[in-house]
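Understanding the architecture of this molecule
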Amino acid sequence: MAVSRRAFLGASAAAVLGACTSSRRAAPPVPGPVDDRVGTSSTTAAGAPAAFVAHGPAGGGKVAFTFHGSGDLGLLHDLLAAAGRLSVPVTVFAVGAWLDQHPEVAGAILAGGHELANHTYTHPALGQAAAPVVADEIRRCRDALTRHAGSPGAWFRPSGVEVPSALILAEAGRAGYRTVVGYDVDPLDYEDPPAPTIVERVTAKLHPGAVVSLHTGHANTVAAFEPMVAAARHRSLTPVRIGDLLRRG
């Protein structure tokens, strides 16, 4: 079973979000089918397991910059300011405890035209957790999103594991999420490499339909954001929210 590279470092404003990838993949990140209904409603009737997608369609020339949301609020606002200057919408997979500690965060993200989604409540190594813990983590973050953003969000991304297990997909479906969203471009920015290294790693793997995994609360990630966007646009790729990347039609 996949394990996280780093444990969640706490829910204070100064905490830094740990790695959200696994040290070993349980299986290749093969994307599941995108439901025709994706993007039309935040949740679905509880029951069916969620589908897993690691990237969007190759057609359309779109990419998504996604952020695992936690950590320093000042750096978050720096990132949102940069996104605003560049007219680039992003998707923030927020940790629920972070939203509860900082209720203003959800409004600030949404006010910029960005998208909020579920990234568990306390950011555990979800691939190692028992079913009751998995269910609780997903549902508590869903409820935090509803309290602070007015919606549970349309997407779930598990913490501490790159490829979700059947248990995670089942519990995400029971919590009302149709789609679990992974990623296929990971510059390991949570390790705090220099900004040019983050840009180089992202640029090397950018492609139509790419989902880039990044983290708020890291200064070098903020510094790398504008060059990453420039690299995407140089390749005629348009940065969009996950909802716009995966929505059909």
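The coordinates are above.
Everything quoted here is computed from the prediction, not taken from an experiment.

A few points about the packing of aromatic side chains
On inspection of all chains with the given rule, the structure shows three aromatic pairs. Ring geometry for Phe 65 and Phe 225: centres 5.9 Å apart, planes at 75°, overall edge-to-face. With a gap of 160 residues between them, Phe 65 in strand 2 (residues 62-69) and Phe 225 in helix 7 (residues 219-234) connect regions that are remote in the sequence. The exposure classification of Phe 65 matches that of Phe 225, with both residues buried. When the ring centre of Phe 93 is taken as reference, the NZ or CZ atom of Arg 157 above it lies at 4.2 Å.

Overview of helix 6 (residues 195-205)
One full turn of an α-helix is made of 3.6 residues, so residues set three or four places apart face in the same direction. Among all positions of helix 6, only Ala 195, Ile 198, Val 199, Val 202 and Thr 203 are buried. For helix 6, the angular spread of buried residues about the axis comes to 125°, placing them on one side. When the buried face of helix 6 is taken as reference, the exposed residues oriented beyond 90 degrees from it are Pro 196, Glu 200 and Ala 204. In this structure, the buried side of helix 6 is in contact with strand 2, strand 7 (211-215) and helix 7.

Here's the deal with the side chain of His 119
Along the chain, His 119 falls in the loop between strand 4 (115-118) and helix 4 (131-149). A polar side-chain atom of His 119 sits 3.2 Å from a polar atom in the side chain of His 68.

Comments concerning the pairing of strand 2
Residues in a regular strand project their side chains so that they alternate between the two faces of the sheet. Counting buried positions along strand 2 gives seven out of eight residues, so the element sits mostly inside the fold. Across two bridges, the pairing between strand 2 and strand 8 (residues 238-239) is parallel. Across the sheet, Lys 62 pairs through a bridge with Thr 238, a residue of strand 8. Of the strand pairs in this sheet, strand 2 and strand 7 are connected by five bridges, and their pairing is parallel. Along strand 7, the bridge assignment pairs Ala 64 with Val 211. Bridging between strand 2 and strand 3 (residues 91-94) involves four bridges; their strand directions are parallel. By the bridge assignment for strand 3, Gly 69 is matched with Ala 94. Running through helix 1 (residues 73-86), the crossover from strand 2 to the neighbouring parallel element strand 3 is right-handed.

So, helix 1
Taking 1.5 Å as the rise per residue, helix 1 with 14 residues should run 20 Å; its terminal C-alpha atoms sit 20 Å apart, in good agreement. When helix 1 is considered as a whole, its buried residues turn out to be Leu 73, Leu 75, Leu 76, Leu 79, Leu 80, Ala 82, Ala 83 and Leu 86. Lining the buried residues of helix 1 we find strand 2, helix 2 (96-101), helix 3 (104-111) and helix 7. Residue Asp 72 occupies the N-cap position of helix 1, its side-chain oxygen lying 3.0 Å from the main-chain nitrogen of Gly 74. At the C-terminal side of helix 1, Ser 87 shows a positive phi close to 55°.

Examining the pattern of salt bridges
Tallying each qualifying case throughout the model produces six salt bridges. Between Asp 244 and Arg 241 there is a salt bridge whose closest N-O contact spans 3.0 Å. For Arg 241, a relative accessible area of 29% translates into the label partly exposed. Linked by salt bridges that have partners in common, Arg 241, Asp 244 and Arg 247 make up one network.

Here we look at the packing of helix 1 against helix 3
The relative placement of two packed helices comes down to the angle between their axes together with the axis-to-axis distance. As a packed pair, helix 1 and helix 3 sit with axes 10 Å apart at the nearest point and diverge in direction by 10°. One element, helix 1, and the other, helix 3, form an angle in the roughly parallel class. Taken as a pair, helix 1 and helix 3 cross one another with a handedness that is left-handed. Contacts between helix 1 and helix 3 involve Leu 73, Leu 76, His 77 and Leu 80 from the first element and Glu 104, Val 105, Ala 108 and Ile 109 from the second. Considered class by class, the residues forming the contact of helix 1 with helix 3 number six nonpolar, one polar and one charged.

Cut-off values and rules
- Residues numbered from 1 in each chain as written.
- Predicted model: local features only at pLDDT ≥ 70, side-chain atom pairs only at ≥ 80, totals over all residues.
- Heavy atoms only, no water.
- Phe/Tyr/Trp six-rings, centres within 6.5 Å; stacked < 30°, edge-to-face > 60°.
- Helix = DSSP H or I, 4+ residues; strand = E, 2+ residues; numbered from the N terminus.
- Buried < 20%, exposed > 50% of the residue type's maximum accessible area, 1.4 Å probe, protein only.
- Lys NZ or Arg CZ within 6 Å of the ring centre and 35° of its normal.
- Arc of directions from axis to C-beta.
- Contact = heavy atoms within 4.5 Å.
- Polar contact = N/O pair within 3.5 Å; in protein donor to acceptor, adjacent residues only side chain to side chain.
- Pairing = 2+ DSSP bridges.
- Right-handed = clockwise from strand over helix to strand, strands pointing away.
- Expected span 1.5 Å × (residues − 1).
- Salt bridge = Lys/Arg side-chain N within 4 Å of Asp/Glu carboxyl O.
- Axes fitted to C-alpha atoms, helices over the stretch in contact; angles between N-to-C directions.
- Parallel < 35°, antiparallel > 145°, perpendicular 65-115°, else oblique.
- Left-handed = near helix turned anticlockwise from the far one by under 90°.
- Nonpolar A, V, L, I, M, F, W, Y, C, P; charged D, E, K, R; others polar.

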